[in-house]
Amino acid sequence: SDVEGVYDAQKKLLSEVNAAVFSALRQSGVIHGGMVAKIEAALAAAAQMRKPVHLLGAQTLRRWAKACTDTNAHTLAGTKILPATNDDTQNNQSP
């Protein structure tokens, strides 16, 4: 990606995004265009692996490689895309 991660309406980098946050940001127009496909793919990957994935900017690649060997990987730049939980699934079901 050419951006560091997912930003909110105030252009603040979000450290984590789940399906509900993504949906709200998309509906409000904050997330649009190519970021929609990137986040949808990240959510699908997180769901399949049942663990978070990181959405990183291209310039973060070197820092990412270092973070993979660092025990403090939680300091990784970008946005952690969280897999759906049972609560998320129940909240997104149609009545």
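Residues numbered from 1 in each chain as written. Predicted model: local features only at pLDDT ≥ 70, side-chain atom pairs only at ≥ 80, totals over all residues. Heavy atoms only, no water.

**Describing the sheet that holds strand E1 (residues 16-17)**
In plain terms, the rule: At least two DSSP bridges between two strands are needed for those strands to be called paired. The way it works is that DSSP assigns letters per residue, a run of H or I at least four long becomes a helix, a run of E at least two long becomes a strand, and they are numbered from the N terminus. Residues are treated as being in contact if the distance between any of their heavy atoms lies within 4.5 Å. Inter-axis angles, ranging from 0 to 180 degrees, are taken between N-to-C directions of lines fitted to C-alpha atoms, where helices are fitted over the stretch in contact.
The strand order across the open sheet formed by three strands is E1-E3-E2, and the pairing between neighbours is mixed. Of all the strands in the sheet, the pair left with one neighbour each is E1 and strand E2 (53-55). Alignment of E1 against strand E3 (residues 79-81), held across two bridges, turns out to be parallel. Looking across to E3, one finds that Glu16 is bridged to Lys80. Strands E2 and E3 of the sheet are contacted by helix H2 (residues 34-49), whose axis makes an angle of about 165 degrees with E2.

**Observations concerning the packing of helix H1 (residues 19-27) against H2**
The following threshold applies: Convention used here: angles under 35 degrees read as roughly parallel, angles over 145 as roughly antiparallel, angles from 65 to 115 as roughly perpendicular, and any remaining angle as oblique. Two helices crossing with the near one rotated counterclockwise from the far one by less than a right angle form a left-handed crossing, whereas a clockwise rotation gives a right-handed crossing. Residues were grouped as follows: Ala, Val, Leu, Ile, Met, Phe, Trp, Tyr, Cys and Pro as nonpolar; Asp, Glu, Lys and Arg as charged; and all remaining residues, including Gly, as polar.
Where H1 meets H2, the closest approach of the two axes is 11 Å, and the angle between their N-to-C directions is 165 degrees. Classified by the angle between their axes, H1 and H2 sit roughly antiparallel to one another. In this structure, H1 meets H2 at a crossing whose hand is left-handed. Across from Ala19, Phe22 and Arg26 in H1, the residues of H2 making contact are Val36, Ile39, Glu40 and Leu43. Of the residues assigned to the contact of H1 with H2, the class counts are five nonpolar, no polar and two charged.

**Points about the nonpolar core**
Quick reminder of the rule: To form a nonpolar core, buried Ala, Val, Leu, Ile, Met, Phe, Trp, Tyr and Cys residues must be joined to one another through side-chain atoms within 4.5 Å. Exposure is judged per residue with a 1.4 Å probe applied to protein chains only, and the accessible area is read against the type maximum: over 50% gives exposed, under 20% gives buried, and values in between give partly exposed.
Within the largest apolar cluster, 15 residues are counted, with the highest numbers of intra-cluster contacts made by Val6, Phe22, Ile31, Ile39 and Ile81. Elements supplying a minimum of two residues to this core: H1, H2 and E2. Aside from chain neighbours lying at most four places away, what touches Ile39 is Val6, Phe22, Ile31 and Leu55.

**A short note on the environment of Lys80**
Tracing the chain through its elements places Lys80 in strand E3. Sequence separation of Lys80 and Glu16 is 64 residues, and the distance between their C-alpha atoms is 4.5 Å. With sequence-adjacent residues up to four places away left out, Lys80 is seen in contact with Ser15, Glu16, Val17, Pro52, Val53 and His54.

**With respect to H1**
Short version of the rule: As used in this structure description, the phrase polar contact means that two N or O atoms lie within 3.5 Å; if the pair is within protein, one of them must be able to donate a hydrogen and the other to accept it, and residues adjacent in sequence are counted only when both atoms belong to side chains.
The opening residue of H1, the one whose side-chain oxygen lies 3.1 Å from the backbone nitrogen of Ala20, is Asn18. In the stretch just after H1, Gly29 is the one whose phi turns positive, near 85 degrees.

**A closer look at the side chain of Thr79**
You can see Thr79 is positioned in strand E3. Here Val6 takes part through its backbone nitrogen, which lies 2.7 Å from a polar atom of the side chain of Thr79. Leaving out residues up to four positions away in the same chain, Thr79 has contacts with Glu4, Gly5, Val6, Leu13, Leu14, Ser15, Glu16, Val17, Val53, His54 and Leu55.

**A few points about the pattern of salt bridges**
Rule in force here: What makes a salt bridge here is a side-chain nitrogen of Lys or Arg within 4 Å of a carboxyl oxygen of Asp or Glu, nothing more.
On inspection of all chains with the given rule, the structure shows two salt bridges. A salt bridge links Glu16 to Lys80; the nearest nitrogen and oxygen atoms lie 3.9 Å apart. Here the residue Glu16 occupies a position in strand E1, and Lys80 occupies one in strand E3, the gap between them amounting to 64 residues. According to the relative accessible area criterion, Glu16 is partly exposed, its value standing at 42%. Residues Glu40 and Arg26 are paired through a salt bridge, measuring 2.9 Å at the closest nitrogen-oxygen approach. Of this pair, Glu40 sits in helix H2 while Arg26 sits in helix H1; the two residues are 14 residues apart in sequence, bridging distant segments of the chain. Glu40 sits in the partly exposed class, given a relative accessible area of 37%. Judged by its relative accessible area of 40%, Arg26 is partly exposed.

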